[in-house]
Amino acid sequence: PSIDTATAAASRKSLHRALEEFVREVFSGSEDETEAAAVQAAAGSMEVINTVFEAEARRPLNGLLRGQLPRAMLLQIQHLKVLLEEQVEYADQMLKRNDFSLQLMAVVPALLLGSGLLYLLRAAYQRLRTSSPRGPIEDI
């Protein structure tokens, strides 16, 4: 599978916006603490999401019906999606960097086989040439 760099970047930005929005709506703290948490969330920190998830998971039915558990779970899934896209993007970059090595690995055996055949043909020609004084063409 291949992924476009722009797609991965868009998913990352979308996650950061969703995290920041979630923190601003859910975080209970002073104005400065909320702003600091929102800045961390905009940078991709999942700390507040994990805290909310842990608190809501203690009372799963209440968290599902009246809490932020489904939203926290969706954000965690989106975070996993972003991580997966980043890993696929990294793997694509590695394959592109190793493309020459892979091509070289395919060519080297063919060159060895070709040079071996050339050596064998040359040795056979030399043997035929030295086997009779008339030359190899006349022997045929």
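Preceding this section is the structure that the text describes.
Going along each chain's sequence as written, the residues are numbered from 1 onward. Thresholds applied to this predicted model are a pLDDT of at least 70 for local features of residues and 80 or more for the giving and counting of side-chain atom pairs; totals over whole chains, interfaces and linings are not thresholded and use all residues. Only heavy atoms go into the side-chain values, all of them from the structure, while hydrogens and water stay out.

A.B. asks: Help me out: how do you make sense of helix 5 (residues 69-97) in this one?
C.D. replies: Helical periodicity: at 3.6 residues per turn, an α-helix aligns residues three or four positions apart in one direction. The helix and strand labels rest on DSSP assignments: H or I over at least four residues marks a helix, E over at least two residues marks a strand, and numbering proceeds from the N terminus. To estimate the expected span of a helix, count its residues, drop one, and scale the result by 1.5 Å. Helix length check: helix 5 (29 residues) gives 42 Å between terminal C-alpha atoms against 42 Å at 1.5 Å per residue, within 8%. Buried within helix 5 we find Leu69, Ala72, Leu75, Val82, Glu85, Glu89 and Asp92. Relative accessibility thresholds used throughout: buried, under 20% of the residue-type maximum; exposed, over 50%; partly exposed, between the two (1.4 Å probe, protein chains only).

A.B. asks: Hey, could you run me through the packing of helix 1 (residues 5-26) against helix 2 (residues 31-42) in this one?
C.D. replies: To describe two helices that pack against each other, one gives the angle between their axes and the distance between the axes. Lines are fitted to the C-alpha atoms to define the axes, a helix being fitted only along its stretch in contact, and any angle between axes, read from their N-to-C directions, falls within 0 to 180 degrees. Two numbers describe how helix 1 lies on helix 2: the axes approach to 7 Å, and their chain directions differ by 160°. On the basis of the axis angle, helix 1 is roughly antiparallel to helix 2. When you trace helix 1 past helix 2, the crossing you get is right-handed. Where helix 1 approaches helix 2, its residues His16, Leu19, Glu20, Val23 and Arg24 are matched on the opposing element by Thr34, Glu35, Ala37, Ala38, Ala41 and Ala42. Partitioning the contact of helix 1 with helix 2 into residue classes produces six nonpolar, two polar and three charged. When an angle is under 35 degrees it counts as roughly parallel; over 145 it counts as roughly antiparallel; between 65 and 115 it counts as roughly perpendicular; any other value is oblique. The hand of a helix crossing depends on one turn: near helix anticlockwise from the far one by less than a right angle means left-handed, and clockwise means right-handed. Only heavy atoms enter the contact rule, under which two residues are in contact if any of them lie within 4.5 Å. Classification convention: Asp, Glu, Lys, Arg as charged; Ala, Val, Leu, Ile, Met, Phe, Trp, Tyr, Cys, Pro as nonpolar; all other residues, Gly among them, as polar.

A.B. asks: Sorry, what's going on with the nonpolar core here?
C.D. replies: The nonpolar side chains of soluble globular proteins are, as a tendency, buried together. Within the largest apolar cluster, 14 residues are counted, with the highest numbers of intra-cluster contacts made by Leu15, Leu19, Phe22, Val23, Val48, Ile49 and Leu75. It is helix 1 that contributes the most residues to this core, four residues altogether. Those residues in contact with phenylalanine 22 that lie beyond four places of it in its chain are Phe27, Ile49, Val52, Gln68, Arg71, Ala72 and Leu75. The definition of a nonpolar core used throughout is a set of buried Ala, Val, Leu, Ile, Met, Phe, Trp, Tyr and Cys residues joined through side-chain atoms within 4.5 Å.

A.B. asks: Quick question: what am I supposed to make of a nonpolar patch on the surface here?
C.D. replies: The grouping of Leu61, Leu64, Leu65 and Met73 at the surface amounts to a nonpolar patch, some 430 Å² of accessible area in total. The element contributing the most residues to the nonpolar patch is helix 4 (residues 60-66), with three residues. Looking at the element boundaries, leucine 65 is found in helix 4. Take leucine 65: its relative accessible area is 68%, and that puts it in the exposed class. Each patch is built from salt-bridge-free residues with over 30% relative accessible area, joining like charges within 9 Å and nonpolar side chains (Val, Leu, Ile, Met, Phe, Trp, Tyr) within 5 Å. Throughout, the Shrake-Rupley method with a 1.4 Å probe supplies accessible areas, and for residues the shown protein chains are the sole cover considered. Think of a salt bridge as a Lys or Arg side-chain nitrogen and an Asp or Glu carboxyl oxygen that are within 4 Å of each other.

A.B. asks: Even after reading the chapter, I still don't get the environment of phenylalanine 53, so can you show me in this structure?
C.D. replies: Positionally, phenylalanine 53 belongs in helix 3 (residues 47-57). Sequence-wise, phenylalanine 53 and methionine 73 are 20 residues apart; in three dimensions their C-alpha atoms are separated by 7.4 Å.

A.B. asks: Honestly, the side chain of glutamate 89 in this entry has me stumped. Any pointers?
C.D. replies: Structurally, the position occupied by glutamate 89 is in helix 5. Classification of glutamate 89 by relative accessible area gives buried; the value is 11%. Polar contact is the term for a pair of N or O atoms within 3.5 Å; when the atoms are in protein, one must be able to donate a hydrogen and the other to accept it, and sequence-neighboring residues count only if both atoms are side-chain atoms. A polar contact is formed between the side chain of glutamate 89 and the side chain of threonine 5, at a distance of 3.4 Å. Look past the residues within four positions of glutamate 89 in its chain and what remains in contact with it is Ile3, Thr5, Ala8 and Arg12.

A.B. asks: Got a minute to help me understand the side chain of aspartate 92 in this structure?
C.D. replies: With respect to the helices, strands and loops of the structure, aspartate 92 is situated in helix 5. In summary, the charge assignment counts Lys and Arg as positive and Asp and Glu as negative, without counting His or the chain termini. One buried charged residue, aspartate 92, forms no salt bridge at all, with the nearest opposite charge on lysine 96 at 6.1 Å. A polar contact is formed between the side chain of aspartate 92 and the backbone nitrogen of isoleucine 3, at a distance of 3.0 Å.

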